[in-house]
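One-letter residues, chain by chain:
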Amino acid sequence: MMKVAKLPDLRIHMKLRHFRLVEMLVATKSIRLAAERLNITPAAVSKSCLELENILGMKLFVRNKGGLIPDPICERFIIAGRRIDSELKNLTADIMLYEESFHGNVKIGFQATLLQDPIVRSVAKIKKDPSWPESDA
């Protein structure tokens, strides 16, 4: 029976920079060019690539004199990285919308005069509460 190596939990061991690194290595097919575009040293690119390959337990690239040739698993890695990138962009947009929803002024109109005094007192209490954020007014 063939022994299968246990893959570590990628959610713990992998970093977002690994996805950017692989994307750049595939685009440039060169450690030196990837390093230039990422503003790091070629040694740092090589070390990060080896670190990632050790985490995955497999090679992502075949290295030859013509440059780096992506292994088939590398394509799958890039697809996963692009999905993660897309989700992070969506999360950023959601956070911005959430933050924007708590800014600005609110005007409250009253139809029933019986509700006016209790609502005004409640709003005054909220404004005095130190746990509420300061208003821009």
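Per chain, residues are indexed from 1 in the order of the written sequence. Thresholds applied to this predicted model are a pLDDT of at least 70 for local features of residues and 80 or more for the giving and counting of side-chain atom pairs; totals over whole chains, interfaces and linings are not thresholded and use all residues. By convention in this description, side-chain values take in all heavy atoms of the structure and omit both hydrogens and water.

1. Topic: a nonpolar patch on the surface
Okay, so step 1: On the surface, a cluster of nonpolar side chains totalling about 400 Å² of accessible area is made up of Leu16, Ile84, Leu88, Leu91 and Ile95.
Okay, so step 2: To qualify as a helix, a DSSP run of H or I must reach at least 4 residues; to qualify as a strand, a run of E must reach at least 2; elements of each kind are numbered from the N terminus. It is helix H5 (residues 72-100) that contributes the most residues to the nonpolar patch, four residues altogether.
Okay, so step 3: Relative to the assigned elements, Leu88 resides in helix H5.
Okay, so step 4: Burial classification: accessible surface area is computed with a 1.4 Å probe over protein chains only, and a residue below 20% of its type maximum counts as buried, one above 50% as exposed, and the rest as partly exposed. On the basis of relative accessible area, Leu88 is assigned to the partly exposed category, the value being 36%. What goes into a patch is any residue over 30% in relative accessible area without a salt bridge, connected to like charges within 9 Å or, for nonpolar side chains (Val, Leu, Ile, Met, Phe, Trp, Tyr), within 5 Å. For the accessible areas, the method is Shrake-Rupley and the probe is 1.4 Å, while residue cover comes only from the protein chains on display. Every case where a carboxyl oxygen of Asp or Glu lies within 4 Å of a side-chain nitrogen of Lys or Arg is listed as a salt bridge.

2. With respect to the confidence of the model for the chain
Okay, so step 1: The share of residues in the chain with pLDDT of 70 or more is 81%, and the mean pLDDT across the chain is 84.
Okay, so step 2: Averaged pLDDT values over the elements of the chain bottom out at 75 in helix H6 (residues 113-128) and peak at 96 in helix H3 (residues 31-38). A score between 0 and 100, pLDDT records how confident the predictor is in each residue.

3. Let's talk about the packing of aromatic side chains
Okay, so step 1: Pairing of aromatic rings covers Phe, Tyr and Trp, the last counted by its six-membered ring, and requires centre-to-centre distances within 6.5 Å; plane angles under 30 degrees mean stacked, over 60 mean edge-to-face, and any other angle means tilted. Tallying each qualifying case throughout the model produces one aromatic pair.
Okay, so step 2: Centroid distance Phe19 to Phe77: 4.7 Å. Interplanar angle 15°. Geometry classified as stacked. Note that Phe19 is positioned in helix H2 (residues 16-28) and Phe77 in helix H5, a separation of 58 residues in sequence.
Okay, so step 3: What makes Phe77 buried here is its relative accessible area of 8%.

4. A short note on the nonpolar core
Okay, so step 1: Residues grouped as a nonpolar core are buried Ala, Val, Leu, Ile, Met, Phe, Trp, Tyr and Cys residues, joined through side-chain atoms within 4.5 Å. Counting 18 residues, the largest nonpolar core has Met14, Val22, Leu25, Leu52, Leu60, Phe61 and Phe77 as its most contacted members.
Okay, so step 2: Of all the elements in the fold, those that place two or more residues in this core are H2, H3, helix H4 (42-56) and H5.
Okay, so step 3: At five residues, H4 tops the list of elements feeding residues into this core.
Okay, so step 4: We call two residues contacting when some pair of their heavy atoms lies within 4.5 Å. Beyond its immediate stretch of four places on either side in the chain, Met14 contacts Phe19, Leu52, Ile55, Leu56 and Phe77.

5. What about H5?
Because each turn of an α-helix spans 3.6 residues, side chains separated by three or four positions end up pointing in the same direction.
Okay, so step 1: By definition here, a helix of n residues has an expected span of 1.5 Å times n minus one. For H5, which comprises 29 residues, the first-to-last C-alpha distance of 43 Å matches the rise-based estimate of 42 Å (1.5 Å per residue) to within 8%.
Okay, so step 2: Residues of H5 that are buried sit in contact with H2, H4, strand S1 (61-64) and strand S2 (67-70).

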